[in-house]
Each structure stands twice: as C-alpha cells, then as structure tokens.
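# Fold and contact review
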Amino acid sequence: MQLWNAREKAFGRMSGCKSPADSPFRQKRGSSGLLRFQPQKILVVLLLLSLGCALGCSNLRDPPASVPGQRAFTDEAGRLVHVPPRIERLVSLAPNLTETVYAIGAGQRLVGNTTYCDYPEEAKHVAKVGDTLQPSVERILALRPQLILISTASQLEAFTQQLNDQNISVYVTDPRDLEGVYRSILNLGQLLNQEKEAMALTATLRLRTEAVERAVANRQPVKLFYQLSAEPLYTAGRDAFVTDIIRRAGGKSVTAEVPGAWPKYSAESALASQAEAIILPTGGSMGEANAAVAGPLRLSPAFTNGKIYKINDDHLTRPGPRAVEGLEALARALHPEAFNK
Amino acid sequence: MTVTEGLHMTVLGDARATPRRTALICLMLGAALLASIVLVSLFGSERLPASESLCTLFSLGRRGCGLSAAQTAILMDIRLPRILLAAAVGASLAAAGASYQALLRNPLAEPYLLGISNGAAVGTMLSLVFLGQFAFARPLLAFGGALLATLLVYRLAAGRTGTTPERLILSGVIVTTFLSSVIVFVTTLLDATRIRSFTFWLLGDLSGSAGNLLIVSIVVSILCTTVLSFHARSLNLLMLGERDAFDLGVEVSRVRFTVFIVASLLVGSSVASSGSVGYVGLVVPHLVRLSFGSDNRLTIPAAALLGAMFVVIADTLARTLIAPRELPVGAITAIIGAPLFIYLLRRG
C-alpha cells in the first residue's frame, strides 16, 4: 500500500512537471529500470525523479509579480491573482458565488459550477464539475476557464494549490459576515467588469438590511438555538456566517461564543441555555432532513411554547445575495410585531 | 468433581474460576460499575450541584431535591440515559470480543477484525439513507447487517477441511475491507449535510441516546451476555481444539453458530445506537484475562462489566473535555485503548 502510494505520488509529480530539461533524463533512467523488471529500482528512480521534479517545478508555481496585458488583484485570502482584461469563461466552485455571478449579470459567462449550485434556475443547466467537496480537476481543465472562483465557505482552500499548478487563476473569497458578502460582490464586480451592477446590488441589499435592523433596533434580542442537525446535535458557532445574520435579525444565538463554525454541541448545554426560540434551517438543500427538533430540546421552553421557526437553509448558510432574504425571514419570525404595521 | 471440571483443571490450571470466585469478582466489578455511573453523572458540560444531584439520582427523579425542573431534565433525561447507553454499548462490545477470541482461539479476534461492525455500519447507513423516517429500522438493519457479515465470514471460512481459525480471520479481513469500500462508496454519494453527521457517527458517538434504542441496547446487552456466559463451559473446552472438544461431547457447530449469532446481535445493537466504538472488544477482554485468568465462565461476564465501565468513563471524557462542544467517544476509546493494548502485548 505504501509502495503504491509512493508511486502514485511520484507519477503525480511527474505529470505536473513541464520542464523539458527533465524529460531525457527521465526517459533514460526510467526505461533502463523497466527493462530489467526490478520494481525496487523503478521505485527508487521514480522517487529521485519526483524529488528532482519537485525542485525543478517549484519555479513554475510562483506567479511573476506582473504579467503584461493582465490585471492584478489581491483576493480575499491575500493571494495575488492575475486575470485577463475581460473574463469570458469562469467556473464557480461554490453555490453562494454562483448566485453572486448571476446576480451581477455575469451568468452567461459561467461555463462550470458544482452540483450544489441550484439557484437561479439557469445555474442548474451549467456543466457540473462535481460537488463542492470533490470537484474534478479534469472536468475543470476541459472547460478551459480563465478564472476559478472558490469560497472559503465550502472549504476548498487545499484545492487551490492543485489548480494553481495548472496555471489557472484562482480567486478565493472569504465572506464571514454580511459585510463580507457585500465586499465579495463588489470584488467579483471588478473581476468580471460588472462594477455598476455589483454596486447597485450591494446598495439594494444594504437598504434592505438597514430596514430590518431599524425595525428590530429597540427590541429585546430573542435568545435562540440554531439547530444545524438533530442527531448528532450540531449548531452554529462563533465563526459561522449565520451567527452574524442572527445578531442583525434581533436574535441572540446562545452558541455565539462557541469556538469553530459548526461545533457538535452538548445536548445538556443546549437545554440549559433556556433558549426562547429554536431555528431549524430546512427546506432548501437540506430538504426535510432537519425538520424535527432534537429529542433533548423538546424539553426546552422554546418547544413547549411552540417557538420553532423553519427558515430556508440556503438563505441562512450561503454567504451570497440571498442571505438578506434569510435575514428578513428570521427577523419576521423573531419579531413579528415589528413588521405588522 | 465432574469429568469436565477435571478437564478445566487441565486446560486452565490455576486460572480456573470456581463459581464462588466468579461471583465474588463479578459482584466487585458490578459494584465498581454502579459507583462509576453515579460518580460520572455528576460531571457534564453543565455544572449541577452535587448533593442535590445525588438525591435526585437515588430517588430516581421522583423527588425534586432542590434541583430546578431544567436541571432535573438535564440529569435524568439527557445525562443519565447517555451514561446507561455507554454502559450497554461497552458491555456488548467487550462480551462479544471475549466470545470471539475464545471461539476463534485468536487473541486479535474482534468485531471489527471480523467485519461484523462494518456489516452493522452498512445496515445502519442504509437505514439512515433510505428509511430515515422509521426509527425502528436502524437497529433492525444494523443487526441484519451484522448477521449477514457474520454468515458471509462464516461461509467464506468453511473449507473442505473444516473451519480453521486462520481461514476465519482471513475471511474477516476480506469482508471488512469490502464493507469499508461500500461505506466509502455510499458516503461519497450522500449529500454534504448527511455526510457530516455520518462521519461523526462512524467514529462512535453516544449523543443520540434519546428514544427506544436505549432500552433495546440495555436488554440486548444483558440477555446476550447471559446467553454467552452459559456457553462459556463449551468455549473453555473449545480452547483445546475443535476435534478434542467434539470428542468431549461439545456440539461444536451448534455452539459456534449460537455464539456467532448472539455476539453479532450484541455488535448490531451497539453499532445501531452509537456507531463504531473501537478497541473495547480488544482491550477489555485482555485486561480481564491478565488479571483474572482465561476461564471464560469468568472472562465473559467480567469483560462485560469492565467494558461497561471503560466506555462510561471514556464517554464522560468525550462529553466534558472540550465542553460545551463534544468529541466522538470512539476517538477517546482509541486514544486510551491503543497504548494500553501495546502495553498489554509487551507484558504478555
């Protein structure tokens, strides 16, 4: 097994190596080993080659500081990204970015997205390159994109290096709260030459957000528990995008200070928090998988008082333009009297 | 002294467990288990007043004892059921492990090594994916999966010259790897929201103790451990070798079949309620044998009691170490179990 792994690694490195100086060396040494059918020797040679290739190829990985005729951007992960003056073919590897691309009017230029990208309707008919957990590099390459969009929300950072090695520009967005969503929208607007549309969109979203915040401003925040899944019990922690949405909607997540984005949470602590409401993100991509309150929480005052609110999970967990819809829905659920005027 | 008792002397030497010794050790371990259950119920992510909690525990929640309603609910409806489930799972896995080891005369025989846990895991996974709305489907399919895996291993192992322990272990390895690939295959097909809960569950997780699975697990663990203990005499004689045991009047194939079925029931019920909690079936029986000798009439019940205690303590760590967040209990049992097993191996 280990032997096999080492070989695969060696092959992987070789295929990534494009330096012509390496190839005669590789053929000569490799073929003599093969003729004698000595697997150990082949392995040693492959390992040596991979080492040489790793050293030789490392120069290719660092992009030059400036490329003539290309625009330079610093993405939200602090990486330098070079893109052509106008991007005609792009691939999105996150549903929130797909939604943003359509919302700023660049949807026709999207040549690939993931199986999770289901909004708007047109996004479903774009070529799928896999899910957000395991996209296929081959499919992405076959689409010949000029730019690939990645969101830290879908945890594909490790994948970035792999695409970078293929000399494809990768832009990483890192929206952690609603402000971050606005920033990502504006950044994508610049990248895709849709600045005007992006600015108009963020202006509308800001207005809607401010309207919600004004409506709930003087109201007592509702203590709530966000149930991501019932069994095992998962919730939203400090780093979750939705924690910011909850705060703005006039709620107070009882797990807002728990480290991590999606911690597995103790049932007894959830019950002890005496939450006044329970939020069930459900009905979107989650389907009906999370439509019931977890067993231990049925002893909570929120359950006995019937304060269980189902909100479309796509609006709450995707840091994209529709997050404002989630904000509005949540605020209406928590403070109905603030909106019945 | 009967003939078999004399043979026990020959096979086991000083390690032979007299009924009195068995009863004494089991009583002691049982008392220790009860004490540890009471003790760990004072610990959790929420701090509860100790004396009031003890009062509530000993009155079985009938008296308030000064705890608020929410505190009583935390203690009696969330914490205690989980501790009891941990005990049932630990007892099941340790008793099953001890029986497999005796039956196969192989110190490494374990529900995991034979693929039985993986069979149960596949069954549970199928029920989660396709029959998520039926709560009762989970233990049934887990048991079905464990049983199918057992029968498969058993069939594969049965050669023309009979079933040798080596063949059995090898078939177990094949079934294990096959079922692991099935699990990987299905989890890849699942959507992300389900994968998260499922990967946690694969590492062993006792947080889903609500519902009727708790009662099922407790009843199954007690009943099946009792049945296995009744077969301990035959298992002792089987340690001589199958032919000798047969000559001594042991119905080898019937005993083997019964022990296999009962042990897979134990594994099925524990995997259905808590996922794959590792190392319990391996470490606990070894510890028991090193301390009390290898007479199965003592090993099986003692392993069940000690296994229960082991998982109860491990799950307390899982609940409290990073509270209010939680760790999977399987990670804790492996962290405690693997070094302990290395120590036992080097000592033995």
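Scroll up a little and you will see the structure.
The notes below deal with the structure included here. (Residues numbered from 1 in each chain as written. Chains lettered and ligands numbered in written order. Predicted model: local features only at pLDDT ≥ 70, side-chain atom pairs only at ≥ 80, totals over all residues.)

We now examine the overall build of chain B. A count of helices and strands for chain B gives 15 helices and zero strands. Buried residues in chain B amount to 51% of all 348 residues. Residue pairs at least 24 apart in sequence account for 76% of intrachain contacts in chain B once pairs closer than 6 positions are excluded. (Helix = DSSP H or I, 4+ residues; strand = E, 2+ residues; numbered from the N terminus. Buried ≥ 20, exposed ≤ 12 C-beta atoms within 10 Å, placed from the backbone. Contact = placed C-beta atoms within 7 Å.)

Taken together, the contact between chain B and chain A spans 25 residues of the former and 22 residues of the latter. Taken together, the elements giving at least two residues each to the side of chain B that touches chain A come down to helix 4 (69-104) and helix 8 (192-202) of chain B. Looking at side-chain class alone, the side of chain B that touches chain A contains nine nonpolar, seven polar and nine charged residues. (Nonpolar A, V, L, I, M, F, W, Y, C, P; charged D, E, K, R; others polar.)

A few words now on the sheet that holds strand 3 (residues 90-92) of chain A. By way of backbone hydrogen bonds, the strands of a sheet pair with one another, either parallel or antiparallel. Residues and elements named next belong to chain A. Judged by pairing direction, the sheet is parallel, and its four strands sit side by side in the order 4-3-5-6 without closing on themselves. Of all strands in the sheet, those with a lone pairing partner are strand 4 (110-112) and strand 6 (169-173), marking the two edges. Sheet twist, expressed as the mean angle between neighbouring strand axes with direction ignored, is 35°. When strand 3 meets strand 5 (residues 147-151), the two strands line up parallel, connected through three bridges. Within strand 5, the residue paired with V91 across the bridge is I148. (Pairing = 2+ DSSP bridges. Axes fitted to C-alpha atoms, helices over the stretch in contact; angles between N-to-C directions.)

Residues and elements named next belong to chain A. Taken in spatial order, the four strands of this open sheet run 8-7-9-10, and their pairing is parallel. Looking at strand neighbours, the two that pair on one side only are strand 8 (251-253) and strand 10 (308-311), the edges of this open sheet. The mean inter-strand angle of the sheet, taken between neighbouring strand axes irrespective of direction, is 35°. Two strands pair when backbone bridges link them, and strand 9 (residues 277-281) and strand 10 are joined in this way by four bridges, in the parallel orientation. Across the sheet, residue P281 finds its bridge partner in strand 10, namely I311. Contacting strand 7 (222-226) and strand 8, helix 9 (residues 241-248) crosses the sheet at an angle of about 145° to strand 8. Running over the sheet, helix 13 (residues 323-334) touches strand 7, strand 8, strand 9 and strand 10 and is turned about 165° from strand 10.

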